[in-house]
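Given next are the chains, with one letter for each unit.
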Amino acid sequence: MELSLVLRLEHKIDQLLERNRELEAETLRLRASEEALLAERERFCLELDRILAKLDRLEQEQA
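Participant: I would appreciate a short explanation of the overall build of the chain in the present structure.
Facilitator: Helix and strand counts for the chain come out as one helix and zero strands. For the chain, the C-alpha radius of gyration of 27 Å lies well beyond 11 Å, the compact-globule estimate for 63 residues. C-alpha extents for the chain along the principal axes are approximately 90 × 10 × 10 Å. Sorting the 63 residues of the chain into buried and exposed places 0% on the buried side. Approximately 6300 Å² of the chain is accessible, and the part contributed by carbon and sulfur atoms is 58%.

What follows is the structure, given as structure tokens:
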């Protein structure tokens, strides 16, 4: 195999390894973002449930 082919192959492998590192970092960032969104959704649902329960109590008091 010619040296130039080996060097090109090494360069391509280096590019692939770098892209893999970038994708792994992006995956970690997206997972953290997903966890934050899920936690926010949970807080929202709890707050909504609290408000709905309060409205139910008010409705029952008026009946």
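What follows continues from the structure just given.
Participant: Looking at this model, I keep getting lost on the pattern of salt bridges. Mind explaining?
Facilitator: Pairs may arise between side chains of opposite charge once their charged atoms sit close together. Considering all chains together, one arrives at four salt bridges under this definition. Two residues, Glu18 and Arg21, come together in a salt bridge whose shortest N-O distance is 3.1 Å. Within this pair, Glu18 and its partner Arg21 are both found in helix H1 (residues 3-62), separated by three residues, close to a single helical turn. On the basis of relative accessible area, Glu18 is assigned to the partly exposed category, the value being 35%. Linking Arg50 and Glu47 is a salt bridge whose minimum nitrogen-to-oxygen distance equals 2.5 Å. With Arg50 and Glu47 both in helix H1 and three residues apart, this pair spans about one turn of that helix. Taking relative accessible area as the criterion, Glu47 reaches 37% and is therefore assigned partly exposed.

Participant: Would you mind showing me how to read a nonpolar patch on the surface here?
Facilitator: Taken together, the side chains of Phe44, Leu48, Ile51, Leu52, Leu55 and Leu58 make up a nonpolar region of the molecular surface, amounting to roughly 550 Å² of accessible area. By secondary structure assignment, the location of Leu58 is in helix H1.

Participant: Any chance you could explain the environment of Arg50 here in plain terms?
Facilitator: Judged by its relative accessible area of 44%, Arg50 is partly exposed. A polar contact is formed between the side chain of Arg50 and the side chain of Glu47, at a distance of 2.5 Å.

Participant: Could you clarify how one ought to interpret the environment of Leu5 in this entry?
Facilitator: When you line up the elements, Leu5 lands in helix H1. For the pair Leu5 and Leu55, spaced 50 residues apart in sequence, the C-alpha separation works out to 73 Å.

Participant: Before we go on, may I ask you to explain the environment of Ile51 in this structure?
Facilitator: Checked against the element boundaries, Ile51 lands in helix H1. Among the residues examined, Ile51 registers a relative accessible area of 38% and is labelled partly exposed. For the pair Ile51 and Asp14, spaced 37 residues apart in sequence, the C-alpha to C-alpha distance is 55 Å.

Thresholds, definitions, all that
- Residues numbered from 1 in each chain as written.
- Predicted model: local features only at pLDDT ≥ 70, side-chain atom pairs only at ≥ 80, totals over all residues.
- Heavy atoms only, no water.
- Helix = DSSP H or I, 4+ residues; strand = E, 2+ residues; numbered from the N terminus.
- Rg over C-alpha atoms; globule rule 2.2 N^0.38 Å.
- Buried < 20%, exposed > 50% of the residue type's maximum accessible area, 1.4 Å probe, protein only.
- Areas by Shrake-Rupley, 256 points an atom, 1.4 Å probe, with all protein chains shown as cover.
- Salt bridge = Lys/Arg side-chain N within 4 Å of Asp/Glu carboxyl O.
- Patch = residues over 30% accessible without salt bridge, like charges linked within 9 Å, V, L, I, M, F, W, Y side chains within 5 Å.
- Polar contact = N/O pair within 3.5 Å; in protein donor to acceptor, adjacent residues only side chain to side chain.

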